[in-house]
Amino acid sequence: MLWGVSGPLFLLDYVVAVAAALTVALAVRALTGRRPAGAAPDVVELAYLNDRAVLACQVAVAALRRAGVVRAGELATLTVDGPPPPGSAPLVRAVHAALRRPQTWAAVLADPGVGRALRRLVGRLVRDGWLLTPAQRRRIAAGTVPLFVVAAVGVTRLVDSAVAGRDAGGPAPVAGLLLCCLATAIGGWWLCEVPETGAAARRLLRRRRRAHAELSPELRPAYGERDTGELLAAMAVFGPRPLLAVDPRFAVQVGVDPERTRPSTPPKLARR
């Protein structure tokens, strides 16, 4: 026996320790940012939580397009014909201000006013608890430390067995411990990728997707028959594909890739 513990017994203890460390890491991840401090995000903020700045700007310009304010100009430019809709979100007003003179979509995304509106949007989401603060992200990353500690103990036993030339329990326990150490290290590395959104934001996105399940692009709904609110909500939680279905030329002009957003083919029923 090595370290006074047989190979099979050590492997069992190792698996139990990995399960406990994984539970700690997942619990920290699930509980951090669980309770938001502010009101529910609007449709533009929800789009940012789902797919960050580009989708938020696409939802903002789609709101202007549906209001009949934005039109396509020459040389792939966009411009506005009238004021933004009353009560528009700050990012919608910033995109409208950027388009008071003809601009390409890339120029809109790089516009200083749009950048300021996005920074204020992010600040509100962080303040209200929908996006994680740097301290919360460090806490989630620290929750993976027990996994690496357990993996280090397993590797130390393998190295000690090889250096001392002692039996660590036979080929099967040694191979099992080696695979478990590798899996533990890979799992810890994967969990080190900390999301920007908190648990409350992820829960909200799942709830909104269930609430708008009939608008999922996979079901190929008739987006042209939906009102503006439903179209923007579908874009916010499912991505820009609804805009591509309603206004394909405009969607391509604002950066929607038809190939990447193409819905999958529904599975065919097996013939009897």
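Please refer to the structure placed before this passage.
Residues numbered from 1 in each chain as written. Predicted model: local features only at pLDDT ≥ 70, side-chain atom pairs only at ≥ 80, totals over all residues. Heavy atoms only, no water.

K.L.:
Even after reading the chapter, I still don't get the pairing of strand β2 (residues 77-80), so can you show me in this structure?
P.N.:
Within a regular strand, the side chains alternate between the two sheet faces. Side-chain alternation along β2 places Thr-77 and Thr-79 on one buried face and Leu-78 and Val-80 on a second face that is also buried. Alignment of strand β1 (residues 70-72) against β2, held across three bridges, turns out to be antiparallel. In the sheet register, Ala-72 faces β2, and the bridge partner there is Leu-78. Taken together, β1 and the strand that follows it, β2, pair antiparallel across an intervening segment of four residues, in which Leu-75 is found at a positive phi of about 55 degrees. (Buried < 20%, exposed > 50% of the residue type's maximum accessible area, 1.4 Å probe, protein only. Helix = DSSP H or I, 4+ residues; strand = E, 2+ residues; numbered from the N terminus. Pairing = 2+ DSSP bridges.)

K.L.:
How do you make sense of the nonpolar core when you look at a structure like this?
P.N.:
For soluble globular proteins, the rule of thumb is that nonpolar side chains tend to be buried together. Membership of the largest hydrophobic core comes to 48 residues, with the highest contact counts inside it found for Leu-91, Val-95 and Val-114. At 14 residues, the largest contribution of residues to this core is made by helix α2 (residues 43-66). Not counting the four nearest positions on each side in its chain, Leu-91 is found in contact with Val-44, Ala-56, Cys-57, Ala-60, Val-114, Ala-117, Leu-118 and Leu-121. Of all hydrophobic cores here, the second largest spans 13 residues; its members include Leu-11, Val-18, Ala-25 and Cys-181. (Core = buried A, V, L, I, M, F, W, Y, C linked by side-chain atoms within 4.5 Å. Contact = heavy atoms within 4.5 Å.)

K.L.:
What is the right way to read the packing of aromatic side chains from this model?
P.N.:
Aromatic ring pairs are defined here through the distance separating the ring centres and the angle between the ring planes. Following the criterion strictly, the structure yields zero aromatic pairs and no others. One cation-aromatic arrangement involves Arg-157 over Phe-10; the distance from NZ or CZ to the ring centre is 4.2 Å. (Phe/Tyr/Trp six-rings, centres within 6.5 Å; stacked < 30°, edge-to-face > 60°. Lys NZ or Arg CZ within 6 Å of the ring centre and 35° of its normal.)

K.L.:
I keep staring at the pattern of salt bridges and nothing clicks. Help me out?
P.N.:
Any two side chains of opposite charge can pair if their charged atoms end up close together. Scanning all chains against the criterion turns up seven salt bridges. One salt bridge connects Asp-247 with Arg-65, and the closest N-O pair in it is separated by 2.8 Å. Residue Asp-247 is located in the loop between α11 (241-246) and α12 (248-253), and its partner Arg-65 is located in helix α2; the two are separated by 182 residues in the primary sequence. Residue Glu-230 is joined to Arg-226 by a salt bridge in which the shortest nitrogen-to-oxygen separation is 3.5 Å. For Arg-226, a relative accessible area of 25% translates into the label partly exposed. (Salt bridge = Lys/Arg side-chain N within 4 Å of Asp/Glu carboxyl O.)

K.L.:
Just to check I follow, could you spell out the state of the cysteines for this structure?
P.N.:
Note on terminology: disulfide describes a covalent bond linking the sulfur atoms of two cysteines. For the coordinates displayed, the defined rule picks out zero disulfides. Here Cys-180 stays unpaired: no disulfide links it, and the sulfur of Cys-181, its closest cysteine neighbor, is 7.1 Å away. On the basis of relative accessibility, which here comes to 5%, the residue Cys-181 falls in the buried class. (Disulfide = S-S within 2.5 Å.)

K.L.:
Can you help me understand unusual backbone geometry in this one?
P.N.:
What you tend to see is this: most non-glycine residues have negative phi, and most peptide bonds are trans. Residues other than glycine seldom take positive phi values, yet Leu-75 does so here, at roughly 55 degrees. Mapped onto the elements, Leu-75 comes out in the loop between β1 and β2. Accessibility expressed as a relative area gives 78% for Leu-75, which makes it exposed.

K.L.:
Help me understand a nonpolar patch on the surface, please; the structure alone is not making it clear to me.
P.N.:
Where nonpolar side chains cluster on the molecular surface, the patch consists of Trp-3, Val-145, Val-149 and Val-153 and spans about 330 Å² of accessible area. By the element assignment, Trp-3 lies in the segment before α1 (7-31). (Patch = residues over 30% accessible without salt bridge, like charges linked within 9 Å, V, L, I, M, F, W, Y side chains within 5 Å. Areas by Shrake-Rupley, 256 points an atom, 1.4 Å probe, with all protein chains shown as cover.)

K.L.:
Just to check I follow, could you spell out the sheet that holds strand β3 (residues 103-104) for this structure?
P.N.:
Either a parallel or an antiparallel arrangement is found when strands of a sheet pair, and the pairing is made through backbone hydrogen bonds. Here we have three strands laid out as an open sheet, ordered β1-β2-β3, and antiparallel in their pairing. This sheet does not close on itself; its edge strands, each paired only once, are β1 and β3. Here β2 pairs with β3 via two bridges, running antiparallel. Bridging across to β3, Leu-78 finds its partner in Gln-103.

K.L.:
Would you mind showing me how to read the packing of α2 against helix α3 (residues 90-98) here?
P.N.:
A packed helix pair is summarised by two numbers, namely the angle formed by the two axes and the spacing between the axes. Put simply, α2 and α3 touch, their axes get as near as 9 Å, and they point 50 degrees apart. In terms of their interaxial angle, α2 and α3 are classed as oblique. Every pair of crossing elements has a handedness; the one defined by α2 and α3 is right-handed. Judged by residue contacts, Val-44, Ala-56, Cys-57, Ala-60, Val-61 and Leu-64 of α2 engage Leu-91, Val-92, Val-95 and His-96 from α3. (Axes fitted to C-alpha atoms, helices over the stretch in contact; angles between N-to-C directions. Parallel < 35°, antiparallel > 145°, perpendicular 65-115°, else oblique. Left-handed = near helix turned anticlockwise from the far one by under 90°.)

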